[in-house]
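Close look at the chain arrangement
So the chains spell out like this:
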Amino acid sequence: MKLISIILCNFRQFYGKTPEIILASGQKNTTIIHGNNGAGKTTIMNAFTWVLYEKFSAAFVVETQLVNKRAITEAKLGKAIACWVEILFEHDNKRYQAKRLSRAYRNEKNEIEHGKSELYMQIAGDDGRWSPPPEHPDDIIGRILPESLHRYFFFDGERIEYIVRDDRKSEIAEATKELLGIEVLNRSVRHLGEAKKSLETDLRLIGNPETKKLLKEKNQIEQEINKLSKRQTEIEKELQNHREVKKEISSRLVEFKGAEGLPQQKDQLNLQVLSIKEQILQANQGLKRAISTRGYMVFLSDAIEKFREIFGNLKEKGELPIGIKRQFVQQLLDKQRCICGAELTIGSLGRKSVEKWMEKAEIADVEETVIRISIQIDEIDKQVLEFWDEVDRQQANIEKLRYQLSRVENELESVHKKLRNYPDEDIQQLQKRLDEIEIKVGNLNRETGSNSLQLETLNKEIKILDKQLDKQQMNELKQVLAQRRIAATQDAINRLIEVRGRLEKQFRVSLEKRVQELFSEISFTPYIPKLNENYELTLVENTGGEDALVAASTGENQILSLAFIGSIIDEVRIWSQKNTLMGPDSSTFPIVMDSPFGSLDEIYRRQIANIIPQLANQLVVLVTKTQWRGEVAEEMANYIGREYVLSYNSPKLDCEEDAIQLNGESYPLVKRSPNEFEYTEVLEVDYD
């Protein structure tokens, strides 16, 4: 999972919609977010976990009060106010948009009532269109980064030592096994055991549901389908109108001579984006055609090898004679004379020998067939090589096009930024209108995708109801197969238990070694981390040749926890690259840390600041001004790709204002609110 950006709207301290917080990746993989206590650092960290898992950290106060106080106060009585967080992330060359939304309103008693949250997800295709995923969003997120593991990647640095507390050791064991793939086998064994118990019981008859009830449900679903279909038509009309307005504004921009050619450059870049997306789409279609038409040949290698082995054995035994035909042997017997001149009278020894050749001549036709098949097999071998060449060529082309697309999109964003900040206000206003239209088009496209998902789900429910109406009892076939399935299930359980035992030992040894290496790099103590058979993490000191448990300090436990997290990421990255069927479906992991330097002294702060950008593929650090001291800023400077400031607006008349100096500019951390409400603004640090 590579995080791309996050947007918050009416979420806790953040009133209205925040700017898009774009997160750094690549060589400069670190995003720093500065903010004083209470400004919203913990809120941002919990925004990630709320969207992905609907979970909050222990320090997150009053989990139910998510909607911004100002937004709910300004709302009319009974009018619902939506608070939401939207995250964009990439995985396996696909871009996902995950958005969780919750609503609240003031009732007649002036009490605030909160509704349940809803999670929406869409996936962007190579053509830029957003569409709903083929499965439930929770399943997709759980496969990429399971919920039980989120606390190891989104955490409060000041409380990170909880990972190695005694009362959390069982959680470490289970989470580690899941992250490294062991838990997959445990679940498989459990599920197979449950399946076996189910098979061992008598199969109950499957009764038909009440027809009237099913027909009523079907009618309700059909009404909802009609409603959504009507909305889809309305959206298409709105999109068409936006396209026309956008075209007109773009034409007006081009007419401005003082825009230094930026509108023309923007149009050219947009054309390049469309062209590259079309090329990516065609390349993917070419790859699909190659796989669908020739991919099967890759799986013929075992059969081809077996054929050649059988053919070779027959030739060695002389069971495939060459040049002797059944018709020729029959003529010799009819003439009663061999080609050597010997007589072949009935009953003679010579005739019996020739009659044996008649038996061998019967498979001459088989030999000819075998020869033809051999030629065809040689051609298959040649086509297999050509198939792989085609796959490699198409994949290389797709990667090249994706790189080109990323570069052009960055250039396009740069042009947009220049137009937004252009000295001519007319040009600024036109670009602002274009930005607004783009946002509306994006929202409509996402709504279209969401409606498509609902329509697909509702149509599936219709099919299920139709099947239930016509369903017949299937008991007899199930009873015949039950015993055979029970035996196969038990055999699978035994094999999985054996594999699990071997993998557990391999994982534990490898993980322990990596934890020790990372802990040694950070800590100046001689202590050694140990990971026992239950995946329990402890710190020991070798005295007199024996390991003695160490009563580690809070700082040492923080370092041990960071080493543990870094080791997990390394091991899973290596494992997932080798075994795509085990563990989470990812080899790229982010870390989002809130206040990671609070309890550490200067030496450890410097060591941690130096090593945490190297622990994960992507790092987001939320810090106060006091935590962002010289040694921390110095060690992390080369890794910073994006930087933001949370500017807290205080309603207190006597509030003490505060600011932070970044890149030669002063950014407000605390300032006087222009109204009676408190809220936080997001400011991006400018490096241009």
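Description of the structure in this document.

Rules used throughout
Within every chain, residues take consecutive numbers counted from 1 along the sequence as written. Local features are withheld for residues below a pLDDT of 70 in this predicted model, meaning they are given only at 70 or higher, and side-chain atom pairs are given and counted only at 80 or more; totals for whole chains, interfaces and linings count all residues. Note that water and hydrogens are dropped before the side-chain values are worked out from all heavy atoms of the structure. Only DSSP runs of H or I reaching four residues or more are called helices, and only runs of E reaching two or more are called strands; each is numbered from the N terminus. Relative accessible area decides the class of each residue, using a 1.4 Å probe on protein chains only: under 20% of the type maximum gives buried, over 50% gives exposed, and in between gives partly exposed. All accessible areas in this document rest on Shrake-Rupley with a 1.4 Å probe, and a residue is counted as covered only by the protein chains that are shown. Counted as positive: Lys and Arg. Counted as negative: Asp and Glu. His and the chain ends are not counted at all. For salt bridges, the criterion is a side-chain nitrogen of Lys or Arg within 4 Å of an Asp or Glu carboxyl oxygen. Should DSSP find at least two bridges between two strands, the strands are taken to pair. Helix axes are fitted only over the stretch in contact, all axes being lines through C-alpha atoms; the angle between N-to-C directions runs from 0 to 180 degrees. Only Phe, Tyr and Trp rings are paired, with Trp represented by its six-membered ring, and only when their centres lie within 6.5 Å; those with planes under 30 degrees apart are stacked, over 60 edge-to-face, the remainder tilted. Surface patches are drawn from residues lacking salt bridges whose relative accessible area is over 30%; two like charges belong together within 9 Å, two nonpolar side chains (Val, Leu, Ile, Met, Phe, Trp, Tyr) within 5 Å. Charge positions are represented by NZ for Lys, CZ for Arg, CG for Asp and CD for Glu. Helix span, as expected, comes to 1.5 Å for every residue beyond the first. The bend at a residue is defined as the angle formed between two axes, one fitted to the seven residues ending at that residue and one fitted to the seven starting there.

Before going further, it helps to examine the overall build of the protein. When you go through the protein residue by residue, the secondary structure sums to 16 helices and 19 strands. Taking all 688 residues of the protein together, 42% fall into the buried category. Working note: accessible area of the protein is about 38,800 Å², and carbon and sulfur atoms make up 49% of it.

Before going further, it helps to examine the side chain of Glu643. When you line up the elements, Glu643 lands in strand β16 (residues 640-650). Put simply, Glu643 is tucked away with no salt bridge, and the nearest opposite charge, on Lys28, sits 10 Å away.

Below, the discussion takes up the pairing of strand β15 (residues 618-623). For β15, the tally of buried residues reaches six of six residues, placing the bulk of the element in the interior. Burial of the side chains of β15 extends over both faces: Gln618, Val620 and Leu622 are buried on one face and Leu619, Val621 and Val623 on the other. Here five bridges tie strand β4 (residues 30-34) to β15, and the two strands are oriented parallel to one another. Each bridged residue has a counterpart across the sheet, and for Ile33 the counterpart in β15 is Leu622. Relative to β15, strand β14 (residues 590-594) is paired through five bridges, and the arrangement is parallel. Bridge pairing in β15 places Asp594 opposite Leu622.

Taking strand neighbours across the sheet as the criterion, the three strands line up as β11-β12-β13 in an open arrangement whose pairing is antiparallel. Strands at the two margins of the open sheet, each flanked by one partner only, are β11 (528-531) and β13 (546-549). Geometrically, the sheet is characterised by an average inter-axis angle of 50 degrees between neighbouring strands, direction not taken into account. Summarising the sheet, β11 and strand β12 (residues 537-543) pair through four bridges and their orientation is antiparallel. For Lys530, the partnering residue across the bridge sits in β12 and is Thr538.

Under the definition given, this model contains six aromatic pairs. Summarising the aromatic geometry, the rings of Phe48 and Phe154 are spaced 5.9 Å apart at their centres and angled 25 degrees between planes, so their arrangement reads as stacked. Separated by 106 residues along the polypeptide, Phe48 in helix α1 (residues 41-53) and Phe154 in strand β10 (residues 154-156) bring together distant segments of the chain. Taking the relative accessible area as the measure of exposure, Phe48 reaches 1% and is therefore buried. Relative to Tyr604, the ring of Phe524 has its centre 4.9 Å away and its plane inclined at 15 degrees; by these criteria the two rings are stacked. Of this pair, Phe524 sits in the loop between α13 (475-522) and β11 while Tyr604 sits in helix α15 (residues 602-615); the two residues are 80 residues apart in sequence, bridging distant segments of the chain. Residue classification places Phe524 among the exposed positions, given a relative accessible area of 55%.

The next point concerns a negative patch on the surface. A contiguous patch of negative charge on the surface is contributed by Glu379, Glu386, Asp389 and Asp392. By the element assignment, Asp392 lies in helix α11 (residues 364-420). A residue is classified by how much of its surface remains accessible, and Asp392, at 45% relative accessible area, is partly exposed.

Before going further, it helps to spend a moment on α15. Its 14 residues give α15 an end-to-end C-alpha distance of 20 Å, which sits within 8% of 20 Å, the value for a rise of 1.5 Å per residue. Its maximal kink placed at Ala609, α15 deviates by approximately 25 degrees, while the proline Pro613 follows within four residues. For α15, every residue scored as buried is listed here: Tyr604, Arg605, Ile608, Ala609, Ile611, Ile612, Pro613 and Leu615.

Moving on to the pairing of strand β5 (residues 81-91). Among the 11 residues that make up β5, nine are buried, leaving the element largely enclosed by the rest of the structure. As judged from the seven bridges shared by strand β1 (residues 2-11) and β5, these two strands associate in the antiparallel manner. When the bridges of β5 are listed, Ser5 appears paired with Leu88. In terms of strand pairing, β5 meets strand β6 (residues 94-106) through 11 bridges, oriented antiparallel. Within β6, the position partnered with Glu90 by the bridge is Arg95. As consecutive antiparallel partners, β5 and β6 are separated by two residues, and within that stretch Asp92 has a phi angle of approximately 55 degrees, a positive value.

Further remarks concern the environment of Ala659. Looking at the element boundaries, Ala659 is found in strand β17 (residues 658-662). Residues Ala659 and Leu669, spaced 10 residues apart in sequence, show a C-alpha to C-alpha distance of 4.7 Å.

Moving on to the pattern of salt bridges. Opposite charge on two side chains allows them to pair when their charged atoms are near. One pass over the structure, following the stated rule, counts 27 salt bridges. Lys55 is the partner of Glu147 in a salt bridge, and the nearest nitrogen-oxygen pair spans 3.5 Å. With Glu147 in the loop between α3 (137-144) and β10 and Lys55 in the loop between α1 and α2 (69-74), this residue pair connects regions lying 92 residues apart in the sequence. Here Glu681 and Lys671 are joined by a salt bridge, their closest N and O atoms 3.0 Å apart. Residue Glu681 is located in strand β19 (residues 679-684), and its partner Lys671 is located in strand β18 (residues 665-672); the two are separated by 10 residues in the primary sequence. Classification of Glu681 by relative accessible area gives partly exposed; the value is 29%. Since its relative accessible area comes to 27%, Lys671 is described here as partly exposed.

Any functional reading would require information beyond the geometric quantities listed.
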